[in-house]
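Okay, here's what each chain looks like letter by letter:
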Amino acid sequence: MEIDAGMQAAIEEMKKGLAEGGIPIGSSLVIDGKVVAAGHNKRVQDGDPITHAEIDCLRNAGRVGAKNLHRATLYSTLMPCFLCSGAAVQFGIKRVVVGESRNFPGAPEFMRSHGIDVTVLDVPECVEIMAKFVADQPSLWNEDIGV
């Protein structure tokens, strides 16, 4: 499987989050074929329940990204939750590309019902890293998804 620059940037962010002791989820934003921002889940690092990977990525895109989100593709290593799916809907993102949805089903139908094209790549590296994290840190994972 060939991984494009958007997913590769998200995977790099996923690994950063894990190395920092956080939840291993990464995200990137691509506009006109160029990665313009990236981020990772920092809920543990920042003590902030809202700093999911996609939110961190959108914050990092700033106003430059905000003016162009209707042309953007949002990448995430894991299927976005309702919070992050809502951000994609709110800001008019038309396409979301996901590394995997085996470990967390997220909210693909919510996004699709709002006109977002959702593609799941099922990247083995994303599946494996997230599965290991969920197995090794179940209480931290459950805290992240609100269980």
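The sections below set out a description of the structure shown in this document. (Residues numbered from 1 in each chain as written. Predicted model: local features only at pLDDT ≥ 70, side-chain atom pairs only at ≥ 80, totals over all residues. Heavy atoms only, no water.)

## Details of the overall build of the protein
In terms of regular secondary structure, the protein is built from 7 helices and 5 strands. Listed by position from the N terminus, the elements making up the protein come as α-β-β-α-α-β-α-β-α-β-α-α. Taking 147 residues into account, the globule formula puts the C-alpha radius of gyration at 15 Å, and the protein, at 14 Å, falls close to it. The dimensions of the protein, computed from C-alpha atoms along their principal axes, are 40 × 35 × 25 Å. Burial analysis of the protein (147 residues in total) assigns 48% to the buried set. (Helix = DSSP H or I, 4+ residues; strand = E, 2+ residues; numbered from the N terminus. Rg over C-alpha atoms; globule rule 2.2 N^0.38 Å. Buried < 20%, exposed > 50% of the residue type's maximum accessible area, 1.4 Å probe, protein only.)

## Focus on the packing of aromatic side chains
Scanning the model with the defined rule gives 2 aromatic pairs in all. Each ring, one from Phe104 and one from Trp141, has its centre 5.8 Å from the other, and the planes form 90°; the classification is edge-to-face. On the criterion of sequence distance, the pair formed by Phe104 in the loop between β4 (95–98) and α5 (108–113) and Trp141 in helix α7 (residues 138–144) is long-range, its members being 37 residues apart. (Phe/Tyr/Trp six-rings, centres within 6.5 Å; stacked < 30°, edge-to-face > 60°.)

## Quick look at the environment of Glu125
Inspection of the secondary structure puts Glu125 in helix α6 (residues 124–136). For the pair formed by Glu125 and Leu18, sequence separation is 107 residues and the distance between their alpha carbons is 13 Å. Excluding residues within four positions of it along the chain, Glu125 makes contact with Ile11, Met14 and Lys15. (Contact = heavy atoms within 4.5 Å.)

## Focus on the environment of Leu83
Position of Leu83 among the secondary structure elements: in helix α4 (residues 82–90). On a C-alpha basis, the gap between Leu83 and Glu54 in space is 9.3 Å, while along the polypeptide they are 29 residues apart.

## Here we look at the nonpolar core
Across soluble globular proteins, you tend to see nonpolar side chains buried next to one another. Residues Leu29, Ile93, Val96 and Trp141 are the most contacted members of the largest nonpolar core, which totals 30 residues. Elements represented by at least two residues in this core include exactly β1 (26–31), α3 (53–66), β3 (72–76), α4, β4, α6 and α7. The greatest single-element share of this core, amounting to 5 residues, is contributed by α3. Not counting residues within four places of it along the chain, the set of residues in contact with Val96 comprises Leu74, Pro80, Ala88, Met111, Ile116, Asp117, Val118 and Thr119. If you look at the next biggest cluster of nonpolar residues, it comprises 10 residues, including Met7, Ile11, Val123 and Ile129. (Core = buried A, V, L, I, M, F, W, Y, C linked by side-chain atoms within 4.5 Å.)

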